[in-house]
Amino acid sequence: MSSVSTKELIHAYVQLPGVLRQNFKELRSQAKDNLDNCAFPTKKDEEWRFTDLKSITMNKFESVDTGEAHIDLELDEYHLPESMNSRLVFIDGNYSPLHSAIEGMPDGVIVGNINDFPEHEQLRSHLGTMTNYEDDVFVPLNDVNFQDGTFIYIPKETVIEQPIHILNVFTNLNNSHFVTPRVLFVGEMYSKATIIEEHIGLSDNVYLNVPVNEFRLYSGAHVHHARIQRDSKNASHISRPVAMLDAHAEYHSYTICLGSKLFRNEPRVIQNAEEVDFTVDGLVLIDGKQIADTHSIMDHRFSHGNSHQLHKVVVNDQAHSIFNGKIFVAKDAQKIDSFQENRNLLISDTGKVNTKPQLEIFADDVRCSHGATIGQLQDEEVFYLQSRGLTEQKSRELLVYAFALESVESMAVKSVEELLLKEVIAYTNRD
Amino acid sequence: MLEIRNLHAIVEGEELEILKGVNLKVNKGEIHAIMGPNGSGKSTLSKVVSGHPEYEVTEGTISFEGQDITEMDADERAHLGLFLAFQYPVEVPGITNKTLLREAYNTIARANEREELDPLEFEDYLVSKLEIIEMKDEFLNRSINTGFSGGEKKKNEIFQMAVLNPRLSFLDETDSGLDIDALKVVSDGVNKIATPENAIVMITHYQRLLNYIKPDFVHVMMNGKIVKSGDISLAEELEANGYDQMQKELA
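Source: prediction; values computed, not measured.

(A) The overall build of chain B, seen in detail. When helices and strands are tallied, chain B shows seven helices and 12 strands. Its C-alpha atoms give chain B a radius of gyration of 18 Å, within 12% of the compact-globule value 18 Å for 251 residues. C-alpha extents for chain B along the principal axes are approximately 60 × 40 × 35 Å. Sorting the 251 residues of chain B into buried and exposed places 41% on the buried side. Of all intrachain contacts in chain B linking residues separated by at least 6 positions in sequence, the fraction that spans at least 24 positions is 71%.

Next comes the structure, spelled out in structure tokens:
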């Protein structure tokens, strides 16, 4: 870590609660020690050199326990028809039993608020074990601060048919509030689940959203995980989702970035045994002065792993997309098949894209490929559609829509696919 | 129907003139063929007439059904009933043939104050046109030209022409790259679409296509101009003697 004296401490930007929160004291106290020695990243750090953090550093955020029940808050329009009995709702970081609905889960399944199970063996043995991000302030910030959170435990050979919807809602609080959603998912052998994690800002207020997810998949467990980020246009969102996979586990994740002024997503998937299969796809649709930054790691530590990453980006106006995709293959991790592709479509003259594939391969019998493209709409494509009678505007919209579509079609939940199609259309029809 | 007068055109932003005073008149019910060596400007003519933004008209006019269309956008020309079958049809992954054609058909219908077709009606209408180019239903749900063979791409152009039912179609080198079977399907399709109410201008390098689609008029284009016009015998003469011989005669 570079010297603290040259950098500003995290406390300059985020005001944490004075006393440690009650539960998970050990985790919190260690995180607090880390934070006291941690500096806030700047552009001098290699991993942050393209990312403008002004939307955080221009503000002072404060952790607030609202404790409000939000009885009058109407959230029906955000509920998924597939998840009417499998929904957890968090409002400004607080669990809302009133808006949540969990019913008819198979025996032994837990889907609930992390604070209701502080002594649960599976929770204690997993929480905080997967998130060792190097020189990082954001995981410890979440560790110290999270109030409520999601705990999902699925016993052996148990399949949850309905998707579990984790809905994080941000209301129009006046202060610049700091919220730290947390998810711990433990899937035992051959269990199966679909998780829809959503972040929605109800207005255009300023807040800092720092979610941390830990997904532990034991042998043969299958998880589909969609992450939909529709934060307020003035929010900052720094995400740390980690998944750790044992043999024959499959983890397919799709992150859709639509909102927030600053989005920094650092997904990591760790291959913890032989023969796993995972996907880390992304779709980013940004305009105005939005910044969307994905720094991902596909970490193959054992042999026979398949991984696939398609990261698609559309940039309009002065928006800025950053992509850094790391593929690690350890020395003895043979027969890895890993594929990474980052495709960027610039539809304005002032947008900006930085892309960097980063492959670190120490095994000698692997197949790893990567590609990155940055392009504009081709005049010939526009003319082709226009010559069939479509207006120039409609032709461009259709081409952007087609570009984004590929990422949406693989969505496992019908209503989420429809929601995203609407978002794609709204984005392309903006003018 | 179409009248081109003294048409001069350049590639936008460049000085070199590609069309150097083209004159052409096409009436309804007629089939024309424009032949010429590579680089003579015949493909450029079809693009300029259909409104490709890469070209700029520096002199002359194009009028269609009595309207001056020289400055119109490509989509407005399509609304009036102009169609271009591309020499190199563009691949558009992610948009199906059906989606494009429904959008196109209904946009043109709206522009002409005709009734739009709802998805079910349109599906029936599309399927009824498939036999023109001997294609199966699944063709409709494939992304536009994506992964199509050369022959399939050309068939798709003729299929789009059948669906949009234009008044005047330019077929730009529709025969190039087709094997004999595909050429027969494509030219049968064009013959089925041709009526006394519409018109077709074929652009081709070789006489081969004209064995299947009989033109009423044949024009020879060289160096940015139509240098000779006649009937089918002109094409036969070219096939026998080549473009060099004709160039010498004209000189």
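(B) Representation of the overall build of chain A in the model. Across its full length, chain A holds seven helices and 25 strands. Computed over C-alpha atoms, the radius of gyration of chain A comes to 21 Å, within 12% of the 22 Å expected from 2.2 N^0.38 for 431 residues, which places it in the range of a compact globule. Its C-alpha atoms put chain A at 65 × 55 × 55 Å along the principal axes. Looking at the 431 residues of chain A, the share that counts as buried comes to 49%. Long-range pairs, those at least 24 residues apart, make up 84% of the contacts in chain A with a sequence separation of at least 6.

(C) Highlighting the interface of chain A and chain B. Listed by partner, the interface residues are 18 residues for chain A and 23 residues for chain B. Broken down by secondary-structure element, the contributors of at least two residues to the side of chain A that touches chain B are helix H5 (379-386) and helix H6 (392-409) of chain A. If you tally residues by element for the side of chain A that touches chain B, the top one is H5(A), at seven residues.

(D) Highlighting the confidence of the model for chain B. Of the residues in chain B, 100% reach a pLDDT of 70 or more, and the chain-wide mean stands at 94. Note on the complex model: pTM 0.86, ipTM 0.95.

(E) Representation of the sheet that holds strand E10 (residues 199-204) of chain B in the model. Residue and element names in this part refer to chain B. Read from one edge to the other, the open sheet built from six strands follows the order E6-E9-E10-E3-E11-E12, with strand pairing classed as mixed. Bordering the open sheet on either side are strand E6 (82-85) and strand E12 (225-230), each of which pairs with just one other strand. Geometrically, the sheet is characterised by an average inter-axis angle of 20° between neighbouring strands, direction not taken into account. With five bridges joining them, strand E9 (residues 168-172) and E10 adopt parallel strand pairing. Bridge pairing in E10 places Leu-168 opposite Ala-199. Running at roughly 20° to strand E11 (residues 217-222), helix H7 (residues 232-250) makes contact with strand E3 (31-35), E11 and E12 of the sheet.

(F) Representation of the nonpolar core. Residues and elements named next belong to chain A. With 174 residues, the main nonpolar core has Leu-217, Leu-245, Tyr-251 and Ala-404 as its most contacted residues. When residues are assigned to domains, this core turns out to be shared by domain 1 (4-266) and domain 2 (379-431), each giving three or more. Residues within four places of Leu-217 in sequence aside, it is in contact with Gly-187, Val-223, Ala-243, Met-244, Leu-245, Asp-246, Ala-249 and Tyr-251.

(G) Main features of H7(B). Residue and element names in this part refer to chain B. Look at H7: only 19 Å from first C-alpha to last across 19 residues, short of the 27 Å you get at 1.5 Å a residue. Roughly 100° is the biggest bend found in H7, and it falls at Gly-242. When we look at burial in H7, the residues that qualify are Leu-234, Ala-235, Leu-238 and Met-246. Lining the buried residues of H7 we find E3, E11 and E12.

(H) The arrangement of the packing of H5(A) against H6(A) in detail. Residues and elements named next belong to chain A. With their axes 9 Å apart at the nearest point, H5 and H6 run at an angle of 120° to one another. As summarised for this structure, H5 and H6 are arranged oblique, according to the angle between their axes. Every pair of crossing elements has a handedness; the one defined by H5 and H6 is right-handed. Of the residues in H6, those touching H5 at Glu-381, Val-382, Leu-385 and Gln-386 are Glu-392, Ser-395, Arg-396, Leu-398 and Leu-399. When the residues that make up the contact of H5 with H6 are grouped by side-chain class, the tally is four nonpolar, two polar and three charged.

(I) Main features of the pairing of strand E2 (residues 17-26) of chain B. Residues and elements named next belong to chain B. When strand E1 (residues 2-11) meets E2, the two strands line up antiparallel, connected through seven bridges. Opposite Leu-2, over in E2, you have Val-26 as the bridge partner. Here E1 folds back onto E2, and the loop between the two strands holds five residues, one of which, Gly-13, carries a positive phi near 85°.

(J) Fine view of the domain arrangement of chain A. All names here are of chain A. Considered domain by domain, chain A is made up of domain 1 (4-266) and domain 2 (379-431). Each of domain 1 and domain 2 was reduced to a C-alpha centroid, and the two centroids are 31 Å apart. Of the residues lining the interface, 11 residues belong to domain 1; the matching set on domain 2 comes to 10 residues. Every element with two or more residues in the side of domain 1 that touches domain 2 is listed here: strand E11 (192-201), strand E14 (222-230) and strand E16 (250-257).

(K) How the structure looks around unusual backbone geometry. Residues and elements named next belong to chain B. Although it is not a glycine, Glu-113 sits at a positive phi angle of roughly 55°. Inspection of the secondary structure puts Glu-113 in the loop between helix H3 (97-111) and helix H4 (119-130). Phi at Glu-134 is positive, roughly 55°, even though this residue is not glycine. By secondary structure assignment, the location of Glu-134 is in the loop between H4 and strand E8 (143-144).

(L) Highlighting the sheet that holds E2(B). A sheet is described by the order of its strands in space; here four strands give the open sequence E2-E1-E4-E5 (chain B), paired in antiparallel fashion. Among the strands making up the open sheet, the edge pair consists of E2 and strand E5 (67-68) of chain B.

(M) Fine view of the pairing of E11(B). All names here are of chain B. Note that E3 and E11 share four bridges and pair parallel. Bridge assignment links Met-35 to a residue of E11, and that residue is Val-220. As paired elements, E11 and E12 share five bridges and run antiparallel to each other. Paired with Met-221 across the bridge in E12 is Ile-226. As consecutive antiparallel partners, E11 and E12 are separated by two residues, and within that stretch Asn-223 has a phi angle of approximately 50°, a positive value.

(N) Geometry of the confidence of the model for chain A. In the predicted model, chain A carries a mean pLDDT of 92, and the fraction of residues at 70 or more is 98%. When the criterion is pLDDT under 50, residues 1-6 of chain A qualifies, and its contacts beyond four places in sequence or with other chains add up to four contacts.

(O) Seen up close, the environment of Leu178(B). Its place among the elements puts Leu178(B) in the loop between E9 and helix H6 (180-193). When the C-alpha positions of Leu178(B) and Glu152(B) are compared, they lie 9.4 Å apart, and in sequence the two are 26 residues distant.

(P) Spatial organisation of the packing of H3(B) against helix H5 (residues 150-164) of chain B. Residues and elements named next belong to chain B. Relative to each other, H3 and H5 sit at 35°, their axes nearing to 10 Å. With respect to the hand of their crossing, H3 and H5 are arranged in right-handed fashion. From H3, Asn-97, Leu-101, Ala-104, Tyr-105 and Ile-108 reach across to H5, where they touch Asn-156, Gln-160, Val-163 and Leu-164.

Conventions we followed
Residues numbered from 1 in each chain as written. Chains lettered and ligands numbered in written order. Predicted model: local features only at pLDDT ≥ 70, side-chain atom pairs only at ≥ 80, totals over all residues. Helix = DSSP H or I, 4+ residues; strand = E, 2+ residues; numbered from the N terminus. Rg over C-alpha atoms; globule rule 2.2 N^0.38 Å. Buried ≥ 20, exposed ≤ 12 C-beta atoms within 10 Å, placed from the backbone. Contact = placed C-beta atoms within 7 Å. pLDDT = per-residue confidence, 0-100. Pairing = 2+ DSSP bridges. Axes fitted to C-alpha atoms, helices over the stretch in contact; angles between N-to-C directions. Core = buried A, V, L, I, M, F, W, Y, C linked by C-beta atoms within 7 Å. Domains from an automatic or database assignment. Expected span 1.5 Å × (residues − 1). Bend = angle between axes of the 7 residues up to and from the residue. Parallel < 35°, antiparallel > 145°, perpendicular 65-115°, else oblique. Left-handed = near helix turned anticlockwise from the far one by under 90°. Nonpolar A, V, L, I, M, F, W, Y, C, P; charged D, E, K, R; others polar.

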